[in-house]
Amino acid sequence: MNAHESAGKLAGKNAVITGGTTGIGFATAERFLAEGAKVIITGRDQAKIDQAVNELGVDAAGLCADVTDSRQLDALADDARQRFGQVDVVFANAGLGVFAPLETIDEAAYASQFDSNVKGVLFTVQKLLPLVPEGGSIILTASAVNAKGAAAGALYFASKAAVRSFARSMAAELGPRGIRVNALSPGIVRTHFGKNLNLPEDAFEGFVQTVVDQAPLGRVGMAKEMADAALFLASDQSTYMTAADLVIDGGWMNV
């Protein structure tokens, strides 16, 4: 163990981060590694996984895994078991968002969004849970909009409300085992995610500006700020915190 590992907040810990090749997931992987953890990231594009692992360094590993496929999550759990033995931090971060008017929503659109954001989170936790020891931390990426509504946002907002609800029930179930479960709810953050919302660019930028105008801090967030919040939830600094929703949105939802 080198000097920076021994001083890190996650020294000796093992973490799995789904959706870890870009944005908040990648920034969190960087932060966890800097604090002494060993990390497995997942994604659905092998080239992006290879690039991310190369940038993250020797204590990072990557696995191509679609969280909507239980067999691939089984493979992820097997890889984590063989590589680590136990997983101290599970960051169920993978997800997607698509805005659509009610009249245009079909079963495929519903399944795509709820499979990624709801089913994927549930089974990521279930498959990795046997590897999580007492004192472990499970973090679920929800969203600041999980208690809000908006035109064309029915699928995305509802899926994130489900994730926030998962944190409550999972925390109640796993608390007696000494495992904490919390939701992390970002506000507007500049990542590739915003480009995949199925909104015209001017509509998305209008939404961003509305949020910025309403938020006390008057700006969008940065992926590294979400990573700092994830580090808090993963580390021993939050050992008496569970079932909570940590909203990091510049104050938008609370004023």
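Above this note sits the structure.
Residues numbered from 1 in each chain as written. Predicted model: local features only at pLDDT ≥ 70, side-chain atom pairs only at ≥ 80, totals over all residues. Heavy atoms only, no water.

Chemist: How should the overall build of the protein be read in this particular structure?
Modeler: Scanning the protein for helices and strands turns up eight helices and seven strands. Taken over C-alpha atoms, the radius of gyration comes to 17 Å for the protein, in line with the 18 Å a tight globule of 255 residues would show. Here the C-alpha coordinates of the protein stretch approximately 50 × 40 × 40 Å along the principal axes. Scored against the burial criterion, the 255 residues of the protein give a buried share of 49%. Roughly 11800 Å² of accessible area belongs to the protein as shown, and the carbon and sulfur atoms make up 52% of that amount. (Helix = DSSP H or I, 4+ residues; strand = E, 2+ residues; numbered from the N terminus. Rg over C-alpha atoms; globule rule 2.2 N^0.38 Å. Buried < 20%, exposed > 50% of the residue type's maximum accessible area, 1.4 Å probe, protein only. Areas by Shrake-Rupley, 256 points an atom, 1.4 Å probe, with all protein chains shown as cover.)

Chemist: Just to check I follow, could you spell out the nonpolar core for this structure?
Modeler: Among the nonpolar cores identified, the biggest contains 34 residues, and Leu-128, Ile-138, Leu-140 and Val-181 are the most heavily contacted of them. In terms of residues, this core owes the most to one element, helix H6 (residues 154-174), which gives seven residues. When near neighbours in sequence (up to four residues on either side) are disregarded, Leu-140 contacts Ala-92, Val-121, Val-125, Val-163, Phe-166, Ala-167, Met-170, Val-181, Asn-182, Ala-183 and Leu-184. If you look at the next biggest cluster of nonpolar residues, it comprises 31 residues, including Val-39, Ile-49, Ala-52 and Ala-230. (Core = buried A, V, L, I, M, F, W, Y, C linked by side-chain atoms within 4.5 Å. Contact = heavy atoms within 4.5 Å.)

Chemist: Would you take a moment to explain the environment of Asn-182 for this structure?
Modeler: Within the secondary structure, Asn-182 is located in strand S6 (residues 180-186). Of the residues examined, Asn-182 reaches a relative accessible area of 0% and is grouped as buried. Sequence separation between Asn-182 and Leu-233 is 51 residues; the distance between their C-alpha atoms is 7.3 Å. Apart from the residues within four sequence positions on either side, Asn-182 is in contact with Ile-138, Ile-139, Leu-140, Ala-167, Leu-233, Met-241, Thr-242, Ala-243 and Ala-244.

Chemist: Explain the packing of aromatic side chains to me, please; I cannot follow it from the model alone.
Modeler: Applying the stated criterion across every chain yields a total of six aromatic pairs. Considering the side-chain rings of Phe-99 and Tyr-156, the 6.3 Å spacing of their centres and the 35 degrees angle between planes classify their relative orientation as tilted. With Phe-99 in the loop between strand S4 (89-92) and helix H5 (107-128) and Tyr-156 in helix H6, this pair connects stretches of sequence that are 57 residues apart. Its relative accessible area of 7% is what places Phe-99 among the buried residues. Ring centres 5.9 Å apart and planes at 85 degrees place the aromatic pair Phe-99 and Phe-157 in the edge-to-face group. Of the two residues, Phe-99 is situated in the loop between S4 and H5 and Phe-157 in helix H6; the sequence distance between them amounts to 58 residues. We classify Phe-157 as buried; its relative accessible area is 5%. Members of the aromatic cluster, joined through ring pairs, are Phe-99, Tyr-156, Phe-157, Phe-207 and Trp-252. (Phe/Tyr/Trp six-rings, centres within 6.5 Å; stacked < 30°, edge-to-face > 60°.)

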